[in-house]
Structures are given as C-alpha cells and as structure tokens.
Amino acid sequence: MKKTSTRLADGRELIYYDARDDSVRAAVDRRPLDPISTASQIREDPLLGDAVAIASHRQGRTYHPPADECPLCPSAGGRMSEIPDSSYDVVVFENRFPSLAGDSGRCEVVCFTSDHDASFADLTEEQARLVLDAWTDRTAELSHLPSVEQVFCFENRGAEIGVTLGHPHGQIYGYPFTTPRTALMLRSLAAHKEKTGGANLFDDVVARERAGERVVLEGEHWVAFVPYAAHWPYEVHLYPKRRVPDLLALDEVARTEFPQLYLELLRRFDRIFDGPGEGEKGDPVPYIAAWHQAPFTADLGAGVNRDDFALHLELFTIRRTSGKLKFLAGSESGMSVFINDVPPEAAAQRLREVASS
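Residues numbered from 1 in each chain as written. Predicted model: local features only at pLDDT ≥ 70, side-chain atom pairs only at ≥ 80, totals over all residues. Heavy atoms only, no water.

Draft legend 1. Expanded view of the packing of aromatic side chains. All chains considered together, the criterion is met by 20 aromatic pairs. Both rings, one in Phe-202 and one in Tyr-239, keep their centres 6.5 Å apart while their planes meet at 50 degrees; by these two values the pair is tilted. A residue pair is termed long-range when its members are at least 10 positions apart, and Phe-202 in helix H3 (residues 201-210) and Tyr-239 in strand S11 (residues 234-240) qualify at 37 residues. Overall, the relative accessible area of 6% leaves Tyr-239 in the buried class. Among the aromatic residues, those joined into a cluster by ring pairs are Phe-112, Phe-120, Trp-135, Trp-222, Phe-258, Tyr-262 and Trp-291. (Phe/Tyr/Trp six-rings, centres within 6.5 Å; stacked < 30°, edge-to-face > 60°. Helix = DSSP H or I, 4+ residues; strand = E, 2+ residues; numbered from the N terminus. Buried < 20%, exposed > 50% of the residue type's maximum accessible area, 1.4 Å probe, protein only.)

Draft legend 2. Spatial organisation of the pairing of strand S4 (residues 51-54). As defined by bridge partners, strand S3 (residues 41-44) adjoins S4 across 4 bridges and the pair is classed as antiparallel. Bridge pairing in S4 places Arg-43 opposite Val-52. Linking S3 back to S4 in an antiparallel pair, the connection comprises 6 residues, with Gly-49 at a positive phi of about 80 degrees. (Pairing = 2+ DSSP bridges.)

Draft legend 3. Main features of the environment of Val-215. Mapped onto the fold, Val-215 is located in strand S9 (residues 215-218). For Val-215, a relative accessible area of 15% corresponds to the buried category. Distance from Val-215 to Arg-352, taken between C-alpha atoms, is 8.5 Å for residues 137 residues apart in sequence. Apart from the residues within four sequence positions on either side, Val-215 is in contact with Glu-209, Arg-210, Val-223, Ala-224, Phe-225 and Arg-352. (Contact = heavy atoms within 4.5 Å.)

Draft legend 4. Representation of the sheet that holds strand S2 (residues 13-18) in the model. Across the sheet, 11 strands lie side by side as S1-S2-S5-S6-S8-S7-S12-S15-S11-S10-S9; this open sheet has antiparallel pairing. The sheet terminates laterally at strand S1 (2-7) and S9, the two strands that pair on one side only. Adjacent strand axes in the sheet meet at a mean angle of 20 degrees, parallel and antiparallel pairs treated alike. Where S9 lies against strand S10 (residues 222-225), 3 bridges are found, and the strand directions are antiparallel. By the bridge assignment for S10, Glu-218 is matched with Val-223. (Axes fitted to C-alpha atoms, helices over the stretch in contact; angles between N-to-C directions.)

Draft legend 5. Seen up close, H3. Every buried residue of H3 is accounted for by Phe-202, Val-206 and Glu-209. An end-on view of H3 places all buried positions within 65 degrees of arc, on one side of the element. Where H3 is buried, its residues contact helix H2 (180-196), S9, S10, S11 and strand S15 (312-317). For H3, the side-chain oxygen to backbone nitrogen distance between the N-cap and Phe-202 is 2.9 Å, and the N-cap itself is Asn-200. (Arc of directions from axis to C-beta. Polar contact = N/O pair within 3.5 Å; in protein donor to acceptor, adjacent residues only side chain to side chain.)

Draft legend 6. Here's a closer look at the packing of H2 against H3. As a packed pair, H2 and H3 sit with axes 9 Å apart at the nearest point and diverge in direction by 90 degrees. With respect to each other, H2 and H3 are oriented roughly perpendicular. Residue-level inspection shows Met-185, Ser-188, Leu-189 and His-192 of H2 in contact with H3, the latter providing Leu-201, Phe-202 and Asp-204. (Parallel < 35°, antiparallel > 145°, perpendicular 65-115°, else oblique.)

Structure representation (structure tokens):
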C-alpha cells in the first residue's frame, strides 16, 4: 500500500491509498473554496449522561446530487470534485460538513472505489483489503489526536438509511469521548468479570454463539453470527477468533481472511429478499456496517482495560421484509426497547440459505 497525503483548496487533508507502490498523486485542487468554518459543539444530557453533537452548519451539506455532479467521483473533463485526481483506489478526506471538528473530534469520508455505480460487495478481495488497511491507518493516526478518544469506522448504504450521496463510501468519526453504546458494553464487561471471577464476556458470548444455531459463516480466523438478542430484523456480528481491542491489533492472517468473509456477508445481504414473493433480484439492501473498537484509554474503569475489549463489526439492515422497513417507533425511539419481527434463528437460517454457490 502506498499512502499519499495532500491538501484540498480549503485546507482539509486528503489521503490517497494506492495498491501500487509506483502510483503518483500530483493533482492539485483548484476549486475556489473558502476555508471551512464549522460550529460543532458537544452538549451533555444531564438526565441520560450521554452526549449530543450540535452541528448547524450541516444543514447546507450536499443532498442527492445527480450522478454527473457527484463530489466523490474523480475530477474529470474540467469538473472538479472532492478528489482532484482523475482516478483513485481508496481515498480518505476530512468531511466538508463534519458533525465533529476541532476540539470536538474529527470526521472523515472514505471512498471505497472510484466506480460510482459499484458497492462494497462489488469490490475484489484485494480492494477490500486496501479499505481495511485504510481503516487501520486512520485509526492509528486519529489515536494520536488529543481531541479523539474513540474511533468509529462505518458505512451507511441506501437512501432508506439516510445516505445523501450514492457513491460507495463510508465515514470515520473520531469522538472526543467514549460513546454511550461502548460505555454500556464496558459496564456489562465489568459486571461479568466480577460475577465470574475474571471471565471475559466477549469470549463467552462468541463461544456460546459458535456452539449454537445462529452461526452464519465461519472461517479459520473469523466467525459471523446473528446475536441471541438481535435488535434488527437481519443483524450479523463478525468477530476475529483471537480477541483484539482494535483494528491495529489484527494479525496478518486475520487481515488476509477478512475480505473473503466480509464480502460474502455483504453479498448474502443483497440476496436475503430475492425469490418468489420477495423483492426484485438484485434490489440493493440498505444496511449499516459498524466497527466497534476500544477507546484509547488504557484503564477503562471498574477493573477493565483495553485488552478486555473485543473488536467486532456489526452489520444490519432496516428492511424487515420485501418493501417494508423496520422503523424506530415509540418503544424503540422513546424508551430504547427494541421489538424484532424476525426471530434471530430464522434470520441466521435465511442468511445460510443465500450462500454463494
């Protein structure tokens, strides 16, 4: 992998990640952009104790542009985009409309491919590995920023999810705090450790799932399963079998196998609703893919440290059946109590049925 860092016209950082070591990136962003001005602010809810990012400048962000005006496609024919060069493998750049900025953290955009009409599932294993290497590199770089305590790499796909740009891309958030969801995991981790006299909750969960009926896909170094208490209609958790706290700690054998399993999972998601009585074949399934990594604090409190945390990816769709979405209504949005219409065992069975031949 070759990494080339440059600056956009408004001062934001942009990094090319190329598979070829001889790639040259010399294109300059010649757009007449003003320096970015953001007003991100973190406020804490006094009742719940969680944080809310106030980012009014995001009201003006790009919203569903036509394909020939996509800001994530390479620059070409006199049309300048966010990527100055005429082609790229993987690109990461600072978000022009960040939810978090300055002392409040950092937001980055990850473009998986220059092909506007592709999806992550269309990537080759080599391309997917390059994305994994980019995620890892950005996690390492952001860990050194004093304003970042936790790094979150994720992909939103589909207009139903709320995606405003159709080009295949994801995002990376550098939070200035430990996120509420991670804090809940750490609390459960500490309670389990105390209750069992030192056992690791993540290890016990993975061991239990591997022995059960909800395993969807298993390799030599990774295992994917629908969790016992899945919140979403089709939800899969992907874990490395050797527990590590973050992407940086993955060994080479796990990195090599990851693209094989992850691409297969994504392709199965696109086939869930194929068939009689379901949707049209090839109808893209909206999903969220989210990496969970340990915060950059050695001691996470209550006798828990970073090495107790388990890196994993959570992949889920908000579609519950053909043409119908799972909306977060009163119980979910109002009280954070999820109601799942699809039994996890049935979801796992369906995801096994649509395996690649």
